[in-house]
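# Notes for the structure review
Residue strings, one per chain:
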Amino acid sequence: SARLYVTALGAYEVYLNGKRVGDDVLAPGWTDYRERVEYQTYDVTANIVSGANTLAALLAPGWYSTPLKWFQQPNSYGLTPPALLAELRIEHADGTVDWIASDSEWKARESAILKAELYDGETYDARLALAGWDRANSDETGWSHVSVIEPKPLTIEAQDFQSIRAESVLPPRTMTVPKPGVYLYDFGQNMAGVERLHVQGPAGTDVQVRVGEDINKDGTLYTENLRTAKATDHFFLAGKGIEEFQPRFTFHGFRYVEISGLPAPPAKDAVEAVVLHTDAPFTTQLKTGSAMLNQLWSNILWGQRSNFVGVPTDCPQRDERMGWTGDAEVFWRAASYNADR
């Protein structure tokens, strides 16, 4: 059997022999990193192969060091850089146990994800993607040994809450062209999540994605309520036919997705919306003969989805998204009734 334990100051995705381990989003979750951090446990028995095995990870700022609050001040939890901690426990058929831990022998380099912030968005350059980087016997040119850091003492404990996960993928209802070269997709529903693109163009094409909750009178995207949050993703194409992009280390609050920078109009189904929220299973249904009441009930559940992304927040879209119990205190009974927390 094989079990993997992982945590980070920041956010991570972990891979074993080229396969993603788990489906958590923005793991290990948002805590007061000055005091404690949660670790996740994965059964990876099926991922282990005979011979050489490769354990790999992507590491991003997450809530740990991304600029938070209205002043866009980074490193709210200290100056220690984002860091990963992992241990792989392998138990053999004869009962012996091997431990493989992250240490100074690990190697690192910058990935194709050039930037990832919660408020401002993610930048990915597909031209820089390394084929096979997370598999055995990959080319180590350009890699260097990691720096081992010693953070201030903090508690590392097992995760005791549900992870953030993708619940569903929504297709757009309409696509309009408010300006030449600008394509606006309406998903008909406000949500917390990210976009998924299926686009093509020459290598180096900068596909810019902006999101928002409403549109202006002229049909363009309304972003004033975002305040200083850019909520903008960039996808630089590799020029290899239809390419897929989905941000890994950010999330947005939106109904509309605006795409620009493409050399030709995209298809109506070139964009999807991936709904993200804390994976607490919904436990209640309400159906009435009143369309108004049914819509009100739907609004309540979607509001809960959008503001339960990690800790309960005040909003999912602007330069805030902070843990906030002022509103939550009057919603706890309904929230715990709606979903199994």
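Look a little higher up for the structure.
Now for a look at the structure at hand. Note that the structure is a prediction, hence the values are computed from the model and not measured.

### Focus: the nonpolar core
- Counting residues in each nonpolar core, the largest one holds 56 residues, and the members touching the most others are Leu26, Trp63, Phe187, Leu197, Phe235 and Val257.
- Looking at which element gives the most residues to this core, the answer is strand 15 (residues 182-199), with 8 residues.
- Ignoring sequence-local partners within four residues, the contact set of Leu197 consists of Val207, Val209, Phe235, Glu243, Glu244, Phe245, Ile259, Ala270 and Val271.
- Core analysis: the second largest hydrophobic core is formed by 16 residues, Val14, Leu16, Leu55 and Trp106 among them.

### A short note on the layout of surface pockets
- Counted as a void, the second largest pocket has a volume near 250 Å³.
- If you trace the second largest pocket, you find 14 residues lining it, with Glu13, Arg20, Val25, Gln246 and Arg248 closest to the centre.
- Among the secondary structure elements, those contributing two or more residues to the lining of the second largest pocket are strand 2 (11-16) and strand 13 (164-170).
- Classifying every residue of the lining of the second largest pocket by side-chain character gives 6 nonpolar, 2 polar and 6 charged.

### With respect to empty space enclosed by the protein
- Inspection of the entire model under this criterion finds 2 cavities of 30 Å³ or more.
- In this model, the largest cavity occupies a volume close to 70 Å³.

### Some remarks on a nonpolar patch on the surface
- Taken together, Met292, Leu293 and Leu296 make up a surface patch of nonpolar side chains, about 290 Å² in accessible area.
- By the secondary structure assignment, Leu296 is in helix 2 (residues 291-307).

Basis of the calculations
- Residues numbered from 1 in each chain as written.
- Predicted model: local features only at pLDDT ≥ 70, side-chain atom pairs only at ≥ 80, totals over all residues.
- Heavy atoms only, no water.
- Core = buried A, V, L, I, M, F, W, Y, C linked by side-chain atoms within 4.5 Å.
- Buried < 20%, exposed > 50% of the residue type's maximum accessible area, 1.4 Å probe, protein only.
- Helix = DSSP H or I, 4+ residues; strand = E, 2+ residues; numbered from the N terminus.
- Contact = heavy atoms within 4.5 Å.
- 1 Å grid on protein atoms, 1.4 Å probe; cavity = no way out; pocket = protein on both sides within 12 Å on 5 of 7 lines; lining within 4 Å.
- Points joined across faces, edges and corners; volume = space filled by probe spheres on them.
- Nonpolar A, V, L, I, M, F, W, Y, C, P; charged D, E, K, R; others polar.
- Patch = residues over 30% accessible without salt bridge, like charges linked within 9 Å, V, L, I, M, F, W, Y side chains within 5 Å.
- Areas by Shrake-Rupley, 256 points an atom, 1.4 Å probe, with all protein chains shown as cover.
- Salt bridge = Lys/Arg side-chain N within 4 Å of Asp/Glu carboxyl O.

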